[in-house]
Amino acid sequence: DMGIYASDALKCERQIAYRMYGADGLPFDISSALAMFDGRVMEDCVVAALDLLYKGRSQVRFDVEDGLVRGRMDYLYEMPRGTVVAEIKRTAAWPLKAAMKSGPKPEHWLQAALAAYSLSPTADFVHIIYVLRGSSQAGVPDVQEWLSPLSVHTDALNAELHRMRGVSAQVRAGDLPG
């Protein structure tokens, strides 16, 4: 598979290249499968809640620049102010608490921004939704959300697309990044 995924945003260039070459890394085990299943169930619950509010679409496939980057939007919906792409993340208490102070991780904004950019016309907003993994804890909400205009992420989006173009060109030429 020679594609780059939106979830590769800000990952190590060599890691992306190895995956593109088919050398994915760690073996899959039952613990990983259970975590993936748990995340899928949680995402389905968040999508059901979003459907009650917006009647959007989930798991919308997208690609950017003729397949340079591809992925699936967790949720795509319309609100009176414009089109929104939502990225849903399951997270432990300490990263959620940190995000309450400094906002979502840059790679999560970029995943949503790549999906938003893929639409024609582009989406107007990106919506990040963090859902607490595990038991509720004092001072940590079960769900935390951020909504941001796509335009706020334009510079980071363009820089990441430039970087991804470089990784893709190196892999297609048979090289490994730096």
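It should be emphasised that the depicted structure is a prediction, and the values quoted were computed from it without experimental measurement.

### Remarks on the packing of helix H4 (residues 106-118) against helix H5 (residues 154-172)
Where H4 contacts H5, the axes come no closer than 10 Å and their chain directions differ by 85°. Between H4 and H5, the crossing angle belongs to the class labelled roughly perpendicular. Only Ala-156, Leu-157, Glu-160, Leu-161 and Met-164 of H5 make contact with H4, whose side of the interface consists of Leu-110, Ala-113, Leu-114 and Tyr-117. A class-by-class count of the residues in the contact of H4 with H5 yields eight nonpolar, no polar and one charged.

### A closer look at the pattern of salt bridges
Applying the stated criterion across every chain, the model contains seven salt bridges. Of the charged contacts, one joins Glu-43 and Arg-40 as a salt bridge, the two residues approaching to 3.1 Å between their closest N and O atoms. Remark: Arg-40 and Glu-43 occur in helix H2 (residues 30-54); sequence separation between them is three residues, near one turn of the helix. The buried category is assigned to Glu-43, whose relative accessible area is 10%. Two residues, Arg-165 and Glu-65, come together in a salt bridge whose shortest N-O distance is 2.6 Å. With Arg-165 in helix H5 and Glu-65 in the loop between strand S2 (57-64) and strand S3 (69-79), this residue pair connects regions lying 100 residues apart in the sequence. The class for Arg-165 is partly exposed, based on a relative accessible area of 37%. With a relative accessible area of 34%, Glu-65 lands in the partly exposed category. A single salt-bridge network, built from bridges that share partners, covers Glu-13, Glu-160 and Arg-163.

### Notes on the side chain of His-108
Tracing the sequence through the fold places His-108 in helix H4. For His-108, a relative accessible area of 12% translates into the label buried. Other than its neighbours up to four places away in sequence, His-108 contacts Glu-87, Lys-89, Ile-128 and Tyr-130.

### Examining helix H3 (residues 93-102)
The complete set of buried residues in H3 reads Ala-93, Pro-95, Leu-96 and Ala-99. Angularly, the buried residues of H3 cover 165° about the axis, an arc narrow enough to put them on a single face. Exposed residues pointing more than 90 degrees away from the buried face of H3 are listed as Trp-94, Lys-101 and Ser-102. Downstream of H3 by one or two residues, Gly-103 has phi in the positive range, about 90°.

Rules used in this analysis
- Residues numbered from 1 in each chain as written.
- Predicted model: local features only at pLDDT ≥ 70, side-chain atom pairs only at ≥ 80, totals over all residues.
- Heavy atoms only, no water.
- Axes fitted to C-alpha atoms, helices over the stretch in contact; angles between N-to-C directions.
- Helix = DSSP H or I, 4+ residues; strand = E, 2+ residues; numbered from the N terminus.
- Parallel < 35°, antiparallel > 145°, perpendicular 65-115°, else oblique.
- Contact = heavy atoms within 4.5 Å.
- Nonpolar A, V, L, I, M, F, W, Y, C, P; charged D, E, K, R; others polar.
- Salt bridge = Lys/Arg side-chain N within 4 Å of Asp/Glu carboxyl O.
- Buried < 20%, exposed > 50% of the residue type's maximum accessible area, 1.4 Å probe, protein only.
- Arc of directions from axis to C-beta.

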